[in-house]
Amino acid sequence: MYFPKLKAQAQQRAAVEQFGGLDRRVGHGAGCAENMENMWSGGYPALETRPRRGVMRQLTKPHGIVEKDGLFWVDGTALYVNGAKTELVLSDSDKQLVSMGAYLLIFPDKKYINTQKLTEYGSMENIQTSTGEVTFTPCYENGESVGSYVTGTYAPKEPGTGDLWMDTDRRVTVLRRYDGGSWVEVTGICTKIAATGLGRGFQAGDGVTVSGCGALELNGLHVLKAAADDWVLIPAMCRALDSQTAAVTVMRTIPEMDFVVEQGNRLWGCKYGIVDGQAVNEVYACALGDFRNWNSFAGLSTDSYAAARGSDGAFTGAAACMGGVVFFKENCMERIYPAAGGGHQIVTVPCSGVRRGAERTVAVSDGVVYYLGNDGVYAFDGSMPVCVSRALGDKRYIGGVGGGESGRYWLAAKEAAGTTELLVYDTQRKLWHRQDTVEVMDFVRQDGVMLLLCRDGRLLDTAGEVGTKETNVVWSAESGDLGLYTPEHKYLARLELRMKLEEGAVVKAFVRYDNGETWEQVGTVTGTAEQTRGAVMQLRPRRCGHLRLKLMGLGRCRVYSAAAVYEKGSDVE
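About the criteria used
- Residues numbered from 1 in each chain as written.
- Predicted model: local features only at pLDDT ≥ 70, side-chain atom pairs only at ≥ 80, totals over all residues.
- Heavy atoms only, no water.
- Helix = DSSP H or I, 4+ residues; strand = E, 2+ residues; numbered from the N terminus.
- Rg over C-alpha atoms; globule rule 2.2 N^0.38 Å.
- Buried < 20%, exposed > 50% of the residue type's maximum accessible area, 1.4 Å probe, protein only.
- Contact = heavy atoms within 4.5 Å.
- Areas by Shrake-Rupley, 256 points an atom, 1.4 Å probe, with all protein chains shown as cover.
- Phe/Tyr/Trp six-rings, centres within 6.5 Å; stacked < 30°, edge-to-face > 60°.
- Lys NZ or Arg CZ within 6 Å of the ring centre and 35° of its normal.
- Core = buried A, V, L, I, M, F, W, Y, C linked by side-chain atoms within 4.5 Å.
- 1 Å grid on protein atoms, 1.4 Å probe; cavity = no way out; pocket = protein on both sides within 12 Å on 5 of 7 lines; lining within 4 Å.
- Points joined across faces, edges and corners; volume = space filled by probe spheres on them.
- Nonpolar A, V, L, I, M, F, W, Y, C, P; charged D, E, K, R; others polar.
- Pairing = 2+ DSSP bridges.
- Salt bridge = Lys/Arg side-chain N within 4 Å of Asp/Glu carboxyl O.
- Axes fitted to C-alpha atoms, helices over the stretch in contact; angles between N-to-C directions.
- Polar contact = N/O pair within 3.5 Å; in protein donor to acceptor, adjacent residues only side chain to side chain.
- Patch = residues over 30% accessible without salt bridge, like charges linked within 9 Å, V, L, I, M, F, W, Y side chains within 5 Å.
- Lys, Arg positive; Asp, Glu negative; His and termini not counted.
- Charge placed at Lys NZ, Arg CZ, Asp CG, Glu CD.

Each helix and strand counted, the chain has zero helices and 55 strands in total. Against the globule reference of 25 Å for 573 residues, the chain gives a C-alpha radius of gyration of 34 Å, more extended than a compact globule. Seen along its three principal axes, the alpha-carbon backbone of the chain occupies a region of about 150 × 45 × 35 Å. Out of the 573 residues belonging to the chain, those deemed buried represent 51%. Here the analysis covers contacts within the chain between residues at least 6 apart in sequence; of these, 59% occur between residues at least 24 apart. As presented, the chain carries roughly 27,100 Å² of accessible surface, and 47% of it is formed by carbon and sulfur atoms.

This part takes up the packing of aromatic side chains. Each aromatic ring pair is characterised by the separation of its centres together with the angle its planes make. The tally for this structure, following the rule as stated, stands at 14 aromatic pairs. Each ring, one from Tyr371 and one from Tyr378, has its centre 5.9 Å from the other, and the planes form 15 degrees; the classification is stacked. Judged by its relative accessible area of 7%, Tyr378 falls in the buried class. Three or more aromatic residues link up through ring pairs in this structure, and these residues are Tyr370, Tyr409, Tyr425 and Trp432. Over the ring of Tyr112 we find Arg292, and its NZ or CZ is 4.7 Å from the ring centre. Across the ring face of Tyr513, the terminal group of Arg542 is positioned such that the distance to the ring centre comes to 4.0 Å.

This brings us to unusual backbone geometry. Looking along the chain, the bond that leaves Tyr44 and enters Pro45 is cis, with omega of 15 degrees. Within the secondary structure, Pro45 is located in the loop between strand E5 (39–40) and strand E6 (47–49). One non-glycine residue, Asn38, adopts positive backbone phi at about 60 degrees. Here Asn38 is to be found in the loop between strand E4 (35–37) and E5. When its relative accessible area of 5% is taken as the criterion, Asn38 is described as buried. The phi angle at Asp366 is positive, at roughly 55 degrees, despite the residue not being glycine. With respect to the secondary-structure elements, Asp366 resides in the loop between strand E37 (363–365) and strand E38 (368–373). Taking relative accessible area as the criterion, Asp366 reaches 46% and is therefore assigned partly exposed.

Attention now moves to the nonpolar core. Ranked by internal contacts, the top residues of the largest apolar core, which has 63 residues, are Phe328, Trp432 and Met499. The residues touching Trp432, leaving out its near neighbours within four places in the chain, are Gly21, Leu22, Val377, Val388, Ser389, Ala391, Leu392, Tyr409, Leu423, Val424 and Tyr425. Residues Ile234, Ala236, Cys238 and Leu241 belong to the second largest nonpolar core, which totals 19 residues.

Reported here for the largest pocket is a volume of approximately 1,300 Å³. Taken together, the elements giving at least two residues each to the lining of the largest pocket come down to strand E8 (62–67), strand E12 (96–100), strand E29 (259–263), strand E33 (317–321), E37, strand E41 (399–405) and strand E45 (440–446). Residues of the lining of the largest pocket, tallied by class, amount to 20 nonpolar, six polar and eight charged.

Take the pairing of E8 next. Here E8 lies mainly inside the structure; five of its six residues are buried. Here E8 folds back onto strand E9 (residues 71–75) in antiparallel fashion, the turn holding three residues, of which Asp69 has a positive phi close to 55 degrees.

Strand order in the open sheet made by the four strands is E37-E38-E39-E40, with antiparallel pairing throughout. The sheet terminates laterally at E37 and strand E40 (386–387), the two strands that pair on one side only.

The next point concerns the pattern of salt bridges. Think of it this way: side chains of opposite charge can pair up when their charged atoms draw near. Evaluation of the coordinates by the stated rule reveals 29 salt bridges. Linking Lys395 and Glu421 is a salt bridge whose minimum nitrogen-to-oxygen distance equals 3.8 Å. Here Lys395 is found in the loop between E40 and E41, whereas its partner Glu421 is found in strand E43 (residues 420–426), with 26 residues between them in sequence. When its relative accessible area of 31% is taken as the criterion, Lys395 is described as partly exposed. Here Arg458 makes a salt bridge to Asp456, at a shortest N to O gap of 3.0 Å. Overlapping salt bridges bring together Arg24, Lys395, Glu415, Glu421 and Arg434 as one network.

Strand order in the open sheet made by the four strands is E33-E34-E35-E36, with antiparallel pairing throughout. In this open sheet, the two strands that pair with only one neighbour each are E33 and strand E36 (345–350). Averaged over all pairs of adjacent strands, the angle between strand axes in this sheet comes to 20 degrees, irrespective of strand direction. One ladder, built from four bridges, connects strand E34 (residues 324–328) with strand E35 (residues 332–337); its direction is antiparallel. Among the inter-strand pairings, Val325 is bridged to a residue of E35, identified as Ile336.

Residue Glu421 is classed as buried on the basis of its relative accessible area, which comes to 3%. At a separation of 3.2 Å, a polar atom in the side chain of Glu421 contacts the side chain of Arg24. A polar atom in the side chain of Glu421 sits 2.7 Å from the side chain of Arg434. Excluding residues that lie within four positions of it along the chain, Glu421 makes contacts with Arg24, Lys395, Tyr397, Leu411, Ala412, Ala413, Glu415, Arg434, Asp436 and Thr437.

Right, let's talk about empty space enclosed by the protein for a bit. Within the structure shown, the criterion is met by two cavities of 30 Å³ or more. Every residue lining the second largest cavity is listed: Phe19, Gly21, Trp40, Ser41, Tyr44, Ala46, Leu47, Glu48 and His433. Residues of the lining of the second largest cavity, tallied by class, amount to five nonpolar, three polar and one charged.

Looking now at a negative patch on the surface. Among the surface-exposed residues, Glu67, Asp69, Asp447 and Glu465 lie close enough to one another that they form a single negatively charged patch. Of note, Glu67 is situated in strand E8. Classification of Glu67 as partly exposed rests on a relative accessible area of 33%.

In this section: the side chain of Arg292. By the secondary structure assignment, Arg292 is in the loop between strand E31 (278–285) and strand E32 (305–308). In contact with Arg292, other than residues within four places in its own chain, are Tyr112, Glu120, Met124, Arg252 and Ile254.

The values reported here are purely geometric and, on their own, carry no functional implication.
So this is what it looks like as structure tokens:
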């Protein structure tokens, strides 16, 4: 008797050796994860858990951090340098910290500190008001008094050579000197305004606003020719005013600005809104190398700069990049091309700009500006912004905080519900990975390592090299639907995962069948010291139309490959 020969079930083998990170789109590749937690691209092409973080320091009330020859951070109303408290007192609010040369500039407080000499600090603005008598003396530009003169609308009769006459016949008062044959105008005449303490904190070249003078021609915006503690010298001349007791105010102010960046040894800022009852839509720059002066207009290439803009809408972000400055709005950008000669150019470029409320997501990585727009995360390399977050699917974010380092863009993205998720974009491999829900308020890079300043005050080292390390990392990675994208029916017979775990780490595998709600555990593996070549997890799910696979673990793990063996079914079922 002969038994019939049975033909073995046809099998096919498919392997994944490159894992593509986070991809929430329907129909993504088998090597991508639709959901994940605490993964990163450092082990690419393998799927790897992030390093354990280290808690470097605990702040009480964090408001901002920056790296500048050390770590500077604001905790409450104090500024700290590598943990040492400075004497600078600030307001209790979040800050923009901008570096310029040896100075750290703090907005919106408008204060500064010399990072090389911490005892040098103060306000960028200066306002002095006189008390007591104020005297007004016509002087030359060097501060020397012009001496005696005659005032009137008509020239003096029988003048002598060298006599001075203040001509008030015209709207603008002119001082003239008799040269023996005619009256010649004397140029460069200034007025010294003197009162106790009136010139304290000012210096030559400061752009100041003078108010309160009895002679109206002395009031207004001036560039000081000289200054000392008890006087200032302004390039203006009055008709007739020797002294007064009414108070005179001299102010060096900084415009109200939404965002401030440094480029080309200047600070650049922008403002949209109502200031002193006037509608403002402007960009500004301080004088070259002088962060205190924003109103110094003497006709020089080093002058301050201000320009009104015609584009509609509020400014939503700013960045210094590619030798220029970009101020974003939601639907355009104001791109500034600084010029050494002072002829700066501004070009309005219609594009997808920074989303309103997402100004802190703007960050530079490898010379490219990344930011959160209305339709996702964009990259701007100098041409036109391009969306790089299609892999994040339909999920939309309303704000957050961004940070850039070599090869990575970090984004603590805030959802409409108020929750936050930390995403990391590998700018070289174009891959996204999700870490966790830590609420980051600022990023800073030190010695090539990204540090996270959390809203709860923790300062975290993402490399885990400094501070108290986490005990273990809880992680997970979930696939999309497996088995839907073949023309005929195939069934997953077994799945082999090759991985390497640190000693004591545990990985569990779960499967959810045919859109079911329940996850069933189908495998587990524990890392031991003997697993020098790694471990292999063998999974044998039951027969189904399609399934989802989720790996969950505790401790560091690297998944090198996933090999699936399929059995072919009928074309019908």
